[in-house]
Amino acid sequence: MKPIQVGLLGIGTVGSGTFNVLKRNQQEIQGRAGRGIEITMVADLDVARAQSVVGPDVKVVNDARAVIANPDIDIVIELIGGYGIAKALVLEAIAAGKHVVTANKALLAVHGTEIFAAASAKGVMVAFEAAVAGGIPIIKALREGLTANRIQWIAGIINGTTNFILSEMRDKGLDFDVVLKEAQRLGYAEADPTFDIEGVDAAHKVTLMSAIAFGIPVQFDKAYVEGITKLGAADIKYAEQLGYRIKLLGITKRTAAGIELRVHPTLVPAKRLIANVEGAMNAVMAHGDAVGTTLYYGKGAGSEPTASAVIADLVDITRLHTADAAQRVPHLAFQPDAISNTPVVAMSEVVTSYYLRLRVADEAGVLAKVTGLLAEAGISIDAVLQREADEISGEAATQTDVIILTHDCVEAKMDAALAQMQALPTVLQPITRIRKEELA
Ligand code: HSE
């Protein structure tokens, strides 16, 4: 049978990896897919560089629409990124009857509903394994491997840049700004790292996992997003003393009130496997009622790890290309008529436990006032740590840090208690609040 023909839009790091791995493992991939898979046309603004990557046998153009218009192309891979031209091209490819493979989490998290509806109407597939956790086959695991389960929660380290920064902060005792500069110098962090360090990239990814896990529409606008820019080395050290590590987690949970969908720095018990995921690696925990807790670990970015996910999608599409559209795995795991309107709950309704750090005047009765306010709010304390007096020097010698771990409470209650504690004259700096998850 004639190989399936693929057109590639954008041949940067992931595109080159895809081309090279497809070529290198051609025979095995064909053996699995049932027919050959060939990239026969590439669109890139830098035609000369693209041609040097793919060699003379592949047609290279600078106009992505020429790829979409080519009737021989069966699958279009979109690796341009962003919501702008990428959205127009994906919708045009669908309208032209092409299947689409994309690594574009931002596009799908924000415009997924429109894109999946267009694809279903046209009877084509939009595959996005590479959009979440790079080379880890987490979409396949959630959508197919765990299909028997009522999924209860997912928690993941799904941004390598921030995990690298947090690992360096912990290892070297450095503050965020210093490590970020080093990460940029080494090429780990982008020149504009905003989406990574502010948690937006992780929120795009957890939004997609949440939709698949719980059968709800993709709703990035409902996600709570908090990055790592305000974390200090002191909090990482105190957390360590209490038996925890701080990780930027994407969390989504089924609760009686609805679905929690949130990204924020999180204290995780140091003994959990996920707490020991270091550097730029990714890991996702998923808990299903039948299977219990599962853990997936691997490279969340990079040329060939991401290519591995892109090619897995190409193979899936090649196998199902001629199948009746109704027999294919639905984009969001659930059949379109089974997608539910279970609400995503507001952050104020989320139930979790907390790490609080208060810089206070080191005088009699301060701790009693603080714990008294928590008691009045009905918030139960799990542990208290006070910084040793000999660790404090200079102008801060009359001050101390009090660290409190709480049991679970609803966030609105904690917000109110924090406002009262902050108003105490003996609380000298803004209180640090970091959420904590036991992931048991
Ligand atoms: N910038 C992402 C990360 C990789 O640091 O994990 C692509 O999603």
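Residues numbered from 1 in each chain as written. Predicted model: local features only at pLDDT ≥ 70, side-chain atom pairs only at ≥ 80, totals over all residues. Heavy atoms only, no water.

S.K.: What is the right way to look at the nonpolar core in this model?
M.R.: Nonpolar side chains in soluble globular proteins tend to end up buried together. Core analysis: the largest hydrophobic core is formed by 80 residues, its most contacted members being F128, I138, L142, I165 and M209. Per element, the largest residue contribution to this core is 10 residues, and it comes from helix α11 (residues 200-214). When sequence neighbours within four positions are dropped, the list of residues in contact with F128 reads T102, L108, F116, I139, R143, L208, I212, D313, H331 and L332. V54, A130, V310 and I311 belong to the second-largest nonpolar core, a separate cluster that totals 31 residues. (Core = buried A, V, L, I, M, F, W, Y, C linked by side-chain atoms within 4.5 Å. Buried < 20%, exposed > 50% of the residue type's maximum accessible area, 1.4 Å probe, protein only. Helix = DSSP H or I, 4+ residues; strand = E, 2+ residues; numbered from the N terminus. Contact = heavy atoms within 4.5 Å.)

S.K.: What is the right way to read the pattern of salt bridges from this model?
M.R.: Between side chains of opposite charge, a pair can form when the charged atoms approach closely. Inspection of the entire model under this criterion finds 29 salt bridges. The closest approach of N and O atoms between K205 and D201, which form a salt bridge, is 2.6 Å. With K205 and D201 both in helix α11, this residue pair falls 4 residues apart, about one helical turn. As far as burial versus exposure is concerned, K205 and D201 are alike and both buried. In this structure, R245 and E278 form a salt bridge, with 3.5 Å as the shortest nitrogen-oxygen distance. Linking R245 in strand β9 (residues 244-255) with E278 in the loop between β10 (258-269) and β11 (281-288), this pair joins segments that are 33 residues apart in sequence. Judged by relative accessible area, R245 falls into the buried class, the value being 13%. Salt bridges here are not isolated pairs; linked through shared partners, they connect R170, D171, E240, R245, K247 and E278. (Salt bridge = Lys/Arg side-chain N within 4 Å of Asp/Glu carboxyl O.)

S.K.: How should the domain arrangement of the chain be read in this particular structure?
M.R.: Buried accessible area, meaning the area lost when the parts come together, often serves as the stated size of an interface. Taken domain by domain, the chain comprises domain 1 (4-135 + 303-338), domain 2 (138-298) and domain 3 (350-436). Centre-to-centre separation of domain 1 and domain 2, based on C-alpha positions: 27 Å. The interface of domain 1 with domain 2 comprises 21 residues on the first partner and 24 residues on the second. Summed over both sides, the interface between domain 1 and domain 2 buries roughly 1800 Å², with carbon and sulfur atoms accounting for 67% of that surface. Inspection of the domain 1/domain 2 interface yields 1 salt bridge. For K140, the salt bridge identified is with D316, shortest N-O distance 2.8 Å. Counting across the interface, domain 1 meets domain 2 through 6 residue pairs in polar contact (both at pLDDT 80 or more). Looking at which element gives the most residues to the side of domain 1 that touches domain 2, the answer is helix α6 (residues 105-122), with 7 residues. (Domains from an automatic or database assignment. Buried area = accessible area lost by both parts, 1.4 Å probe. Polar contact = N/O pair within 3.5 Å; in protein donor to acceptor, adjacent residues only side chain to side chain.)

S.K.: In this structure, what is going on with the sheet that holds strand β2 (residues 37-43)? I would like to understand it.
M.R.: Either a parallel or an antiparallel arrangement is found when strands of a sheet pair, and the pairing is made through backbone hydrogen bonds. Taken together, the 6 strands give an open sheet; going across it, the order is β3-β2-β1-β4-β5-β6, and neighbouring strands pair in parallel fashion. Each edge of the sheet is formed by a strand with only one pairing partner; in this case those strands are β3 (59-61) and β6 (126-127). Looking at chain direction, strand β5 (residues 99-102) and β6 are connected through 2 bridges and run parallel. For V100, the partnering residue across the bridge sits in β6 and is V126. (Pairing = 2+ DSSP bridges.)

S.K.: Help me out: how do you make sense of a nonpolar patch on the surface in this one?
M.R.: The grouping of Y83, V110 and F195 at the surface amounts to a nonpolar patch, some 240 Å² of accessible area in total. When you line up the elements, V110 lands in helix α6. For V110, a relative accessible area of 37% puts it in the partly exposed group. (Patch = residues over 30% accessible without salt bridge, like charges linked within 9 Å, V, L, I, M, F, W, Y side chains within 5 Å. Areas by Shrake-Rupley, 256 points an atom, 1.4 Å probe, with all protein chains shown as cover.)

S.K.: Would you take a moment to explain the pairing of strand β7 (residues 151-157) for this structure?
M.R.: Consecutive side chains along a regular strand alternate between the two faces of the sheet. With 6 of 7 residues buried, β7 is to be regarded as a mostly interior element. Note that β7 and β11 share 6 bridges and pair antiparallel. Considered in β11, the bridge of I154 is made with A286. Sheet topology note: the β7/β9 ladder contains 4 bridges and is antiparallel. In the strand pairing of β9, I154 is matched with T252.

S.K.: What exactly am I supposed to notice about the packing of helix α14 (residues 366-376) against helix α15 (residues 411-422) here?
M.R.: The relative placement of two packed helices comes down to the angle between their axes together with the axis-to-axis distance. Interhelical geometry of α14 versus α15 gives an angle of 155 degrees and a closest axis separation of 10 Å. Regarding the angle of α14 to α15, the classification is roughly antiparallel. For the pair α14 and α15, the sense of crossing is right-handed. Where α14 abuts α15, its residues V370, L373 and L374 lie against M414, A417, Q420 and M421. Among the residues forming the contact of α14 with α15, the class breakdown is 6 nonpolar, 1 polar and no charged. (Axes fitted to C-alpha atoms, helices over the stretch in contact; angles between N-to-C directions. Parallel < 35°, antiparallel > 145°, perpendicular 65-115°, else oblique. Left-handed = near helix turned anticlockwise from the far one by under 90°. Nonpolar A, V, L, I, M, F, W, Y, C, P; charged D, E, K, R; others polar.)

S.K.: Please clarify how the packing of aromatic side chains should be interpreted in this entry.
M.R.: Each aromatic ring pair is described using two quantities: the centre-to-centre distance and the angle formed by the ring planes. Taken as a whole and assessed by the stated rule, the structure comprises 1 aromatic pair. Note on F116 and F128: the rings are 5.6 Å apart at their centroids and 40 degrees apart in plane angle, and the pair reads as tilted. Of the two residues, F116 sits in helix α6 while F128 sits in the loop between β6 and α7 (138-145), which places them 12 residues apart along the sequence. Each member of the pair F116 and F128 is classed as buried. (Phe/Tyr/Trp six-rings, centres within 6.5 Å; stacked < 30°, edge-to-face > 60°.)

S.K.: What am I meant to see in the side chain of D44 here?
M.R.: Position of D44 among the secondary structure elements: in the loop between β2 and α3 (47-54). Judged by its relative accessible area of 12%, D44 is buried. At 2.8 Å, the side chain of D44 and the backbone nitrogen of I11 are in polar contact. Excluding anything up to four places from it in sequence, D44 contacts G10, I11, R49, A50, V61 and N62.

S.K.: Which parts of the structure should I look at to understand α11?
M.R.: Residues spaced three or four apart along an α-helix face the same direction, because each turn holds 3.6 residues. The end-to-end C-alpha distance of α11, which contains 15 residues, comes to 21 Å, matching closely the 21 Å that a straight helix rising 1.5 Å per residue would cover. Within α11, 15 of the 15 residues are buried, which leaves it mostly tucked inside the rest of the structure. Immediately downstream of α11, the backbone of G215 shows phi near 65 degrees, a positive value. (Expected span 1.5 Å × (residues − 1).)

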